[in-house]
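Secondary and tertiary structure notes
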Amino acid sequence: MRSPGFDAAVGPRHRAFLDALEAEGRLAGTGPFADGSGGAYLLRAGDLAEATAIAHRDPLHTESASILTVHEWLLR
């Protein structure tokens, strides 16, 4: 979710981060929410701790542009 101080200038760094994850085979999907409040991406990771560590490297998080929440999803 975008933080109150969201700066769109972080967008290119965030997209480069996602592109790198995709190149590593770790990104299963990504996209913005229809209401413009933020977005989500689905990571391939061994466990929740690994997924959290990956997500915490996202420039949206490291530059405080978004409030990050990581959920473990047990895909069937």
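Residues numbered from 1 in each chain as written. Predicted model: local features only at pLDDT ≥ 70, side-chain atom pairs only at ≥ 80, totals over all residues. Heavy atoms only, no water.

**Regarding the overall build of the chain**
For the record, the criterion: Helical segments are the DSSP runs of H or I of at least four residues, strand segments are the runs of E of at least two, and each set is numbered from the N terminus. Our radius of gyration looks at C-alpha atoms and nothing else; its globule reference is 2.2 Å times the residue count to the power 0.38. The contact rule is simple, with two residues in contact once any of their heavy atoms fall within 4.5 Å. Working definition of accessibility: Shrake-Rupley area with a 1.4 Å probe, residue cover restricted to the visible protein chains.
Helix and strand counts for the chain stand at three helices and two strands. For the chain, whose C-alpha radius of gyration is 12 Å, the value lies close to the compact-globule estimate of 11 Å for 76 residues. Taking the principal axes of its C-alpha atoms as reference, the chain extends roughly 35 × 20 × 20 Å. Sequence separation of 24 or more characterises 47% of the internal contacts of the chain that already satisfy a separation of 6 or more. Entry remark: accessible area of the chain is about 5200 Å², with carbon and sulfur atoms responsible for 56%.

**A look at the pattern of salt bridges**
To keep it simple, the criterion reads: By convention in these notes, a salt bridge is any Lys or Arg side-chain nitrogen within 4 Å of a carboxyl oxygen on Asp or Glu.
Tallying each qualifying case throughout the model produces three salt bridges. Between E63 and R13 there is a salt bridge, and its shortest N-O distance comes to 2.8 Å. Here R13 lies in helix α1 (residues 11–23) and E63 lies in the segment after α3 (59–62), a separation of 50 residues in the sequence. Between E24 and R26 there is a salt bridge; the shortest N-O distance is 3.8 Å. It is possible to trace a salt-bridge network through shared partners that takes in E24, R26 and E50.

**Examining the layout of surface pockets**
Where we set the bar: With a 1 Å grid laid over protein atoms only, a set of points is called a cavity when a 1.4 Å probe fits there but cannot get out and a pocket when it is open yet has protein on both sides within 12 Å along at least five of seven lines; lining residues have an atom within 4 Å of a point. Grid points are joined across faces, edges and corners, and a volume is the space filled by probe spheres set on the points. Residues were grouped as follows: Ala, Val, Leu, Ile, Met, Phe, Trp, Tyr, Cys and Pro as nonpolar; Asp, Glu, Lys and Arg as charged; and all remaining residues, including Gly, as polar.
Reported here for the largest pocket is a volume of approximately 1100 Å³. If you go around the largest pocket, you meet 39 residues; those closest to its centre are G39, A40, Y41, L42 and T69. Elements with a contribution of two residues or more to the lining of the largest pocket: α1, β1 (27–32), β2 (39–43), α2 (48–55) and α3. Tallied by class, residues from the lining of the largest pocket come to 21 nonpolar, eleven polar and seven charged.

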